[in-house]
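Given next are the chains, with one letter for each unit.
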Amino acid sequence: MVERTLVFIKPDGVERGLVGRIITRFEDKGFRISALKMFRMTRGFAEEHYKEHAGKPFFKALIEFVTRGPVVAMIIEGESAISTVRRMLGTTNPLEAAPGTIRGDFAIQTTENVIHASSDEKAARSEIEHFFTEKEIDSGA
Ligand code: CMP
């Protein structure tokens, strides 16, 4: 099934100049980018995105981190995009992420782990709505 998922390259990935190489991986795989933008999250925007982690010990550091510089957000579209993109990212803890995955190749810290992607269909739907307006999304038609 053709799906859409929300991905953003976190401030560490942008600072380190990894944007091009990361986007290339998704394009090489055959996925289509149907929306793309760079912006700096406000604290409120980040807290809404990460609300399921509110109260966890790493929450404050996570919000500080994702708001410290711009992110590059995109919608990736294609066959089974949600689970496939998650597999391309590797595990949340980059030390456990397999070589060949984005985190396995580019990260060593759990908070500063370069990239986010929606975990499932429900998250993808609400994250896409949170990050992009209908007008910003290319239908492909
Ligand atoms: P992400 O996939 O964007 O979803 C939640 C984020 O919280 C995660 O990536 C990490 O950046 C961060 N995170 C998750 N678990 C931990 C943890 N145990 N310690 C620090 N940061 C974490």
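See the structure shown above.
Structure report, in brief.

Thresholds, definitions, all that
- Residues numbered from 1 in each chain as written.
- Predicted model: local features only at pLDDT ≥ 70, side-chain atom pairs only at ≥ 80, totals over all residues.
- Heavy atoms only, no water.
- Near = heavy atom within 4 Å.
- Polar contact = N/O pair within 3.5 Å; in protein donor to acceptor, adjacent residues only side chain to side chain.
- Areas by Shrake-Rupley, 256 points an atom, 1.4 Å probe, with all protein chains shown as cover.
- 1 Å grid on protein atoms, 1.4 Å probe; cavity = no way out; pocket = protein on both sides within 12 Å on 5 of 7 lines; lining within 4 Å.
- Points joined across faces, edges and corners; volume = space filled by probe spheres on them.
- Helix = DSSP H or I, 4+ residues; strand = E, 2+ residues; numbered from the N terminus.
- Nonpolar A, V, L, I, M, F, W, Y, C, P; charged D, E, K, R; others polar.
- Buried < 20%, exposed > 50% of the residue type's maximum accessible area, 1.4 Å probe, protein only.
- Lys, Arg positive; Asp, Glu negative; His and termini not counted.
- Salt bridge = Lys/Arg side-chain N within 4 Å of Asp/Glu carboxyl O.
- Contact = heavy atoms within 4.5 Å.

**A closer look at the site of the ligand**
Part 1 of the reasoning: Within the structure, the ligand sits among Lys 10, Tyr 50, His 53, Phe 58, Leu 62, Thr 92, Arg 103, Thr 110, Thr 111, Asn 113 and His 116.
Part 2 of the reasoning: A distance of 2.7 Å is found between an oxygen atom of the ligand and a side-chain nitrogen or oxygen belonging to Tyr 50.
Part 3 of the reasoning: His 116 has a polar side-chain atom sitting 2.9 Å from an oxygen atom of the ligand.
Part 4 of the reasoning: Look at the ligand: alone it shows 450 Å² of surface, and the protein chains cover 78% of it.

**Focus: the layout of surface pockets**
Part 1 of the reasoning: Volume-wise, the largest pocket comes out at about 410 Å³.
Part 2 of the reasoning: Lining the largest pocket we find 20 residues, and of these Lys 10, Tyr 50, His 53, Thr 92 and His 116 sit closest to its centre.
Part 3 of the reasoning: Of all elements in the fold, only β4 (115-117) and α7 (121-131) reach the threshold of two or more residues within the lining of the largest pocket.
Part 4 of the reasoning: Take the lining of the largest pocket: its biggest share by element is 3 residues, from β4.
Part 5 of the reasoning: Among the residues making up the lining of the largest pocket, the classes are represented as 6 nonpolar, 9 polar and 5 charged.

**Let's talk about the side chain of Arg 103**
Part 1 of the reasoning: Within the secondary structure layout, Arg 103 lies in helix α6 (residues 102-106).
Part 2 of the reasoning: Buried and without a salt bridge, Arg 103 has Asp 12 as its closest oppositely charged side chain, separated by 8.4 Å.
Part 3 of the reasoning: A polar side-chain atom of Arg 103 sits 3.4 Å from the main-chain carbonyl oxygen of Thr 91.
Part 4 of the reasoning: In terms of polar contacts, Arg 103 uses its side chain to reach the backbone carbonyl oxygen of Asn 113, at 3.3 Å.
Part 5 of the reasoning: Here Arg 103 is in contact with Lys 10, Leu 89, Gly 90, Thr 91, Thr 92, Pro 94, Ala 97, Asn 113, Ile 115 and His 116, once residues within four sequence places are set aside.

**A word on the pattern of salt bridges**
Part 1 of the reasoning: One pass over the structure, following the stated rule, counts 11 salt bridges.
Part 2 of the reasoning: The partner of Glu 15 in a salt bridge is Arg 68, and the shortest N-O contact between them spans 2.8 Å. In this pair, Glu 15 sits in helix α1 (residues 11-15) while Arg 68 sits in the loop between α4 (59-66) and β3 (71-79), placing the two residues 53 residues apart along the sequence.
Part 3 of the reasoning: The partly exposed category is assigned to Arg 68, whose relative accessible area is 34%.

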